[in-house]
Amino acid sequence: MSISTLIKTLPKTELHLHIEGSLEPALMWQLAGKHNIDLPYDSVAAIEAAYQFSDLQSFLDIYYAGADVLRDEDDFYQLMWAYLSRCREENIVHTEIMFDPQTHTERGIGYDIFMPGFLRAIEQAKTEWGISVQLILSFLRHLSEEEAFDTLALAETWYPHISAIGLDSSELGHPPEKFKRVFDKVRALGFKIVAHAGEEGPADYIWQALDLLQVDRIDHGVRCQEDPALLERVKQEQIPLTVCPLSNLKLKVIDDMRQHNILQLLDAGLLVTVNSDDPTYFGGYLNENYEQLHQALGMNEAQLKALVINSFKASFLPETEKQQWIAKVDAL
Ligand code: HPA
Ligand code: ZN
């Protein structure tokens, strides 16, 4: 079997995916029409053409503006349904999906609108296709810790549907330490914890995420390589890194995919995983991220399987389910 076929055939999991970052330009266009929203674009092609970024912030500005078309329960259902349909096509059997409540509550769209929409699509995908889904509520780090506390409190009736709490948005200038107290509360409530760190921010932000927030996984984390002591810790403790190759390329964390360090980190024994982050904005869903690692870095079959197995290991699935999926990957 060719590597490309194996990429498609292997059962996979995705651990770093922002649902708002899976909004397809065609759906954005359709919802803008439905709600009479004036977009600053005159066609679907013009939306696609606008997706050129110089750094994380230049992307986030467009990403938050795009999310404004999401207004009613059915919009959130369609958004989630579209991504889960893609999971089925790509043979993603388990996915842990981030959503940004504050992107919606700041516009007056409450949990009572987006959660039922998300959950309706998730239930349907479970029933029809057997895809398993967990949700990760993410705080926007450019906002205050006080607002993160409010966001957590507002979610209370939805806690049974949420597995983990995360931290995303503009990294530089908003270190993990800014959110230490709210993550103490999150931990006391029994949630798993993840945080974006070491994407644009320095290695020190990864230390903070580990020591102050006590995260279960680091989202991105590719800059851990700049600090040998940190690299050793991440390796020794097998702290998962949810790496997003196409995102790193499109947000200019790297200039060329051939510079990506993911296979170096894998070969050094770190628990790195492959993910798509915001696939519609960065030009590829999960399989395309694997494909580009093959084309640019020569990822071989053993490395591919190790990455796919790492994702199951790093997931929040029960241990028995992890082992069942890993056995299936091994057998292919
Ligand atoms: N980094 C930080 N915040 C985000 C991202 C990202 O890659 N995608 C969506 N929110
Ligand atoms: Zn992300």
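What counts and what doesn't
Residues numbered from 1 in each chain as written. Chains lettered and ligands numbered in written order. Predicted model: local features only at pLDDT ≥ 70, side-chain atom pairs only at ≥ 80, totals over all residues. Heavy atoms only, no water. Near = heavy atom within 4 Å. Polar contact = N/O pair within 3.5 Å; in protein donor to acceptor, adjacent residues only side chain to side chain. Areas by Shrake-Rupley, 256 points an atom, 1.4 Å probe, with all protein chains shown as cover. Helix = DSSP H or I, 4+ residues; strand = E, 2+ residues; numbered from the N terminus. Nonpolar A, V, L, I, M, F, W, Y, C, P; charged D, E, K, R; others polar. Salt bridge = Lys/Arg side-chain N within 4 Å of Asp/Glu carboxyl O. Donors = N, O, S within 2.8 Å, 3.2 Å for Na, K, Ca; no water. Tetrahedral: all angles 85-135°; square planar, octahedral: opposite > 155°, others 65-115°. Phe/Tyr/Trp six-rings, centres within 6.5 Å; stacked < 30°, edge-to-face > 60°. Buried < 20%, exposed > 50% of the residue type's maximum accessible area, 1.4 Å probe, protein only. Lys NZ or Arg CZ within 6 Å of the ring centre and 35° of its normal.

Glancing now at the site of ligand 1. Around ligand 1, the structure places His18, Leu56, Phe59, Leu60, Tyr63, Asp168, Ser169, His196, Glu199, His220, Asp277 and Asp278. At 2.8 Å, a backbone N or O of Ser169 approaches a nitrogen atom of ligand 1. Residue Glu199 places a side-chain N or O atom 2.9 Å away from a nitrogen atom belonging to ligand 1. Starting from 260 Å² of accessible surface for ligand 1 in isolation, the protein chains cover 100%. Sorting elements by how many residues they give to the shell around ligand 1 places helix 4 (residues 56–66) first, with 4 residues. The residue makeup of the shell around ligand 1, split by class, is 4 nonpolar, 4 polar and 4 charged.

What follows concerns the pattern of salt bridges. Under the counting rule described, the total for this entry stands at 17 salt bridges. Of the charged contacts in the structure, one is a salt bridge between Glu237 and Arg233, with a shortest N-O distance of 2.9 Å. What you see here is one network of salt bridges that share partners, running through Lys34, Asp72 and Asp75.

So, on to the coordination of the zinc ion (ligand 2). Taken together, His16 (NE2), His18 (NE2), His196 (NE2) and Asp277 (OD) make up the protein donors of the zinc ion (ligand 2), found 2.0 to 2.2 Å from the metal. One can describe the donor arrangement at the zinc ion (ligand 2) as irregular, given that its 4 donor atoms subtend angles of 81 to 173 degrees at the metal. All donors of the zinc ion (ligand 2) come from a single chain, and their spacing in sequence reads H-x1-H-x177-H-x80-D. Pair noted here: His16 is in strand 1 (residues 12–18) and His196 is in strand 5 (residues 192–197), with a separation of 180 residues, a long-range link.

This part covers the packing of aromatic side chains. A ring pair, where both rings are aromatic, is described by two values, the distance of the centres and the angle of the planes. Applying the stated criterion to the full structure yields 20 aromatic pairs. Centroid distance Phe53 to Phe59: 5.4 Å. Interplanar angle 80 degrees. Geometry classified as edge-to-face. Taking the centre distance of 4.7 Å and the plane angle of 25 degrees together, the rings of Trp81 and Trp129 count as stacked. With Trp81 in helix 5 (residues 73–90) and Trp129 in helix 7 (residues 111–129), this pair connects stretches of sequence that are 48 residues apart. Assessed through its relative accessible area of 26%, Trp129 is described here as partly exposed. Clustering of aromatic rings is evident, with ring pairs tying together Tyr51, Phe53, Phe59, Tyr63, Tyr64, Tyr281 and Phe282. Sitting above the plane of the Phe316 ring, Arg217 keeps its charged end 4.0 Å from the centroid. Lying over the aromatic face of Trp325, Lys328 brings its terminal NZ or CZ to 4.6 Å of the ring centre.

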